[in-house]
Each structure stands twice: as structure tokens, then as C-alpha cells.
Amino acid sequence: ISPAGRFGVYESDANNLVAAPLTDNVTDIYIYDRKLFTTYQLSGVLGAASPTGGFAVASEADGSSTVPSITGGGKSKTKSYMIAFESRATNLDSIPGGDTNNDRDIFVLEFAAVDVKDANSAYEIKSVQRVSAPIDAATGLPSGEASFELNGGAANSRAPVIAGTNLAYTVAFRSTADNLLAVDPLYPYWNEDSNFTGNGTGEDIYVYNSKTRLFTRANVDPAGQQGTRNATNPAIAPDGKAIGFDTDDTYLTPVYTMGSDQVYIFKP
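Sequence positions are assigned chain by chain, starting from 1 and proceeding in written order. Totals for whole chains, interfaces and linings use all residues, but because this is a predicted model, local features are given only for residues with pLDDT of at least 70 and pairs of side-chain atoms are given and counted only at 80 or more. The side-chain quantities take in all heavy atoms of the structure and omit both hydrogens and water.

**A closer look at unusual backbone geometry**
Cis peptide bonds are those with omega within 30 degrees of zero, and the linkage from Ala-20 to Pro-21 qualifies with 0°. On the secondary structure map, Pro-21 appears in the loop between strand S1 (7-12) and strand S2 (28-33). Even without glycine at this site, Phe-37 takes up a positive phi of about 55°. Any residue under 20% of the maximum accessible area for its type is buried, any over 50% is exposed, and the rest in between are partly exposed; the area is computed with a 1.4 Å probe on protein chains only. By relative accessible area, Phe-37 is classed as exposed at 64%. In this structure, Arg-213 takes a positive phi of about 60° despite not being glycine. Relative to the helices and strands, Arg-213 is located in the loop between strand S14 (204-209) and strand S15 (214-217). In DSSP terms, a helix is any run of H or I states spanning at least four residues, a strand is any run of E spanning at least two, and both are numbered starting from the N terminus.

Structure follows, in C-alpha cells:
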């Protein structure tokens, strides 16, 4: 639910929540406006721009979208809400080289008022941004797919949580990708992602900052060195200044935790 309670965002495989497009094949993301009693579909292929520069979903995505998280509203000129969700779809955006598999990716969508001067304005989609991918720091756009390069496999990014506004937001999510961080040539070990577990992958909590266009990892020790075990279940503070997660890693703090799951807080 949005911070002020006007909007509720959710996933559904229902096919009769909106008049168009047809939604028979995959799970989609919807948002309900409690003021206007209106449901909008958020996941799918966008149509042509409206006269106000917004968009609506014109056709169904080619993969399911799930686990939405919402933030914002009322704190920017566009009255925007930011919605993060995970999706198997390959046709929600366009990236260099294309999206060649149905792994799970994280997208952030801006949902803004059509008329910012009208408290009862309808809303429309302003943009969709993939954030679970290597991001070009100059343009803010993905430069390719997230991947697990050790074995050439596709990376899965899941369970996003979001805080902030359209001007600056923070997204945390768990991912098996190992190509999201820019390696620091002076301290390569601190930046590399090589904490592979027994199944050949390592699942980390990544934190993306839209203002700096950079990733950090939450499951690191006090010196910033990577953990040794999978980390899951990210949570985020309303101001984006603290990330919670759980892991059975015994390496992250000086206190030995016997290898049982513990909850940690990371401050980016």
C-alpha cells in the first residue's frame, strides 16, 4: 500500500480486472486507486505516448510479473509513485543485446498524476526502468543483461523493496548476478562477486541508488568485504537509509552465530 494509503499495488492472474488488454496468459501487476475506484495494469508492453507524455499498457507481457513494492506520492511536482517488481518478461524494455532468457529481473515504474494540479487526477505510467542489470553511470540505462558469468548462466533477481521518490529512490533486491558491481582496481577483492555457494551461485542483497546510478551490496562485513553465504528477504526503511536481510553467514560480524539464520541491518 502507498504511504498515504491512496493506492494498493498487487499481483494477480485474473483476466477481468481491466477492460484491455487481454490478460489471459501470465500474472500481472495492478494498482488500485481508492479515491477514483479505478484499477490500472502496470506490467506489459506500453502503447503510444498520451498527449501528457504518459503511457498505458497496450499488450500483455511475455512473462509473469510479481512481488510489487510501492513508495512516493505527493513529494514531487509530478505526484509520482515508484513501483518496483520482479518479472520474467523479456519485452518490458529494450537493452543492448536483447533480453535472451526468462530469468527474473527487477523493474522500477513511475506512476504519475495526469494533472498535478488536480487532487482527483487520474494517473498514468511515465517510465519503466530495468535496475537489475549493469547500469551505465553516464546515461543511467542498462548496458546489458544481468548474468552469472562464472558459468555463463542467467541471473535471477528477486524480491525488490523500494523507498524514495522519482527524484531519488533506492531499491534493494536479492540476486545471483555477479556483473552488477564496477570493480575497483585498487581493491578488487572488495568489489568482486565470488562468494559462490555449493550450487554454483551466490545470492547477494544489492542496493541500487537512482541518484548515483551505482550498486552496493548489503551482505558485507564492516570493512566492506563480501560475505560467504546466500542472503535473502530484503527489507527497506521508509527513507531508504537502512536495508534489512537475513542470512546464515557467520562472517559478517565479529560475533559467531553458529551458522543459524540471523537478521542484519546495513546502512548504505
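**Observations concerning the sheet that holds S15**
One open sheet holds the four strands; their spatial order is S12-S13-S14-S15, and the pairing between them is antiparallel. Every interior strand has two partners, whereas the edge strands, strand S12 (157-164) and S15, have only one. Taking the axes of each pair of neighbouring strands and ignoring which way they run, one obtains an average angle of 25° across the sheet. Sheet topology places S14 next to S15; four bridges connect them, and they run antiparallel. Across the sheet, residue Asn-209 finds its bridge partner in S15, namely Leu-214. If DSSP finds at least two bridges between two strands, the strands pair. For helices, the fitted line uses only the C-alpha atoms of the stretch in contact; every axis is such a line through C-alpha atoms, and the angle between N-to-C directions lies from 0 to 180 degrees.

**Thoughts on the side chain of Gln-41**
Within the secondary structure, Gln-41 is located in strand S3 (residues 38-41). Nitrogen and oxygen atoms within 3.5 Å of one another constitute a polar contact, given that in protein one can donate a hydrogen and the other can accept it, and given that sequence-neighbouring residues count only through two side-chain atoms. At a separation of 2.8 Å, a polar atom in the side chain of Gln-41 contacts the main-chain carbonyl oxygen of Ser-43. What makes two residues a contact is simply this: any of their non-hydrogen atoms within 4.5 Å. Those residues in contact with Gln-41, other than ones at most four positions away along the chain, are Val-18, Pro-21, Thr-23, Asp-28, Ile-29, Tyr-30, Val-57 and Ile-125.

**So, the environment of Val-220**
Counting through the fold element by element, Val-220 comes out in the loop between S15 and strand S16 (231-236). Taking the C-alpha atoms as reference points, Val-220 and Asp-204, 16 residues apart in sequence, are found 9.2 Å from one another. Apart from residues lying up to four places away in sequence, Val-220 is in contact with Gln-225, Gln-226, Gly-227, Leu-252 and Phe-266.

**Describing the sheet that holds strand S7 (residues 81-87)**
Taken in spatial order, the four strands of this open sheet run S6-S7-S8-S9, and their pairing is antiparallel. Both edges of this open sheet fall to strand S6 (65-72) and strand S9 (123-130), since each of them pairs with a single strand only. Pairwise comparison of adjacent strand axes, ignoring direction, gives a mean angle of 25° for this sheet.

**Structural notes on the pairing of S12**
Across the eight residues that make up S12, a large majority, six, are buried. In terms of strand pairing, S12 meets strand S13 (residues 169-175) through six bridges, oriented antiparallel. Each residue of the ladder has a partner; that of Val-161, found in S13, is Ala-172. Counted along the chain from S12 to the antiparallel partner S13, the turn is four residues long.

**Looking at empty space enclosed by the protein**
Think of a 1 Å grid over just the protein atoms. A cavity is a set of points where a 1.4 Å probe fits yet cannot get out, a pocket is an open set with protein on both sides within 12 Å along at least five of seven lines, and lining residues have an atom within 4 Å of a point. Grid points are joined across faces, edges and corners, and a volume is the space filled by probe spheres set on the points. Evaluation of the coordinates by the stated rule reveals one cavity of 30 Å³ or more. What the largest cavity holds in volume is close to 40 Å³. Its residues assigned to classes, the lining of the largest cavity shows six nonpolar, two polar and no charged. Residue type decides the class: Asp, Glu, Lys and Arg count as charged, Ala, Val, Leu, Ile, Met, Phe, Trp, Tyr, Cys and Pro as nonpolar, and the leftover types, Gly among them, as polar.

**Brief notes about the pattern of salt bridges**
Here, a salt bridge means any side-chain nitrogen of Lys or Arg that lies within 4 Å of a carboxyl oxygen of Asp or Glu. Tallied over the full model, the rule gives 10 salt bridges. Its salt-bridge partner being Arg-104, residue Glu-86 comes within 3.3 Å of it at the nearest N-O pair. You can see Glu-86 sitting in strand S7 and its partner Arg-104 sitting in the loop between S7 and strand S8 (105-113), a full 18 residues away along the chain. With relative accessibility at 2%, the residue Glu-86 sits in the buried group. Where Arg-217 meets Asp-204, a salt bridge forms, and the shortest distance between an N and an O atom there is 3.8 Å. Here the residue Arg-217 occupies a position in strand S15, and Asp-204 occupies one in strand S14, the gap between them amounting to 13 residues. Overall, the relative accessible area of 5% leaves Arg-217 in the buried class. For Asp-204, a relative accessible area of 0% puts it in the buried group. Through salt bridges with shared partners, one network takes in Asp-93, Asp-99, Asp-105 and Arg-130.

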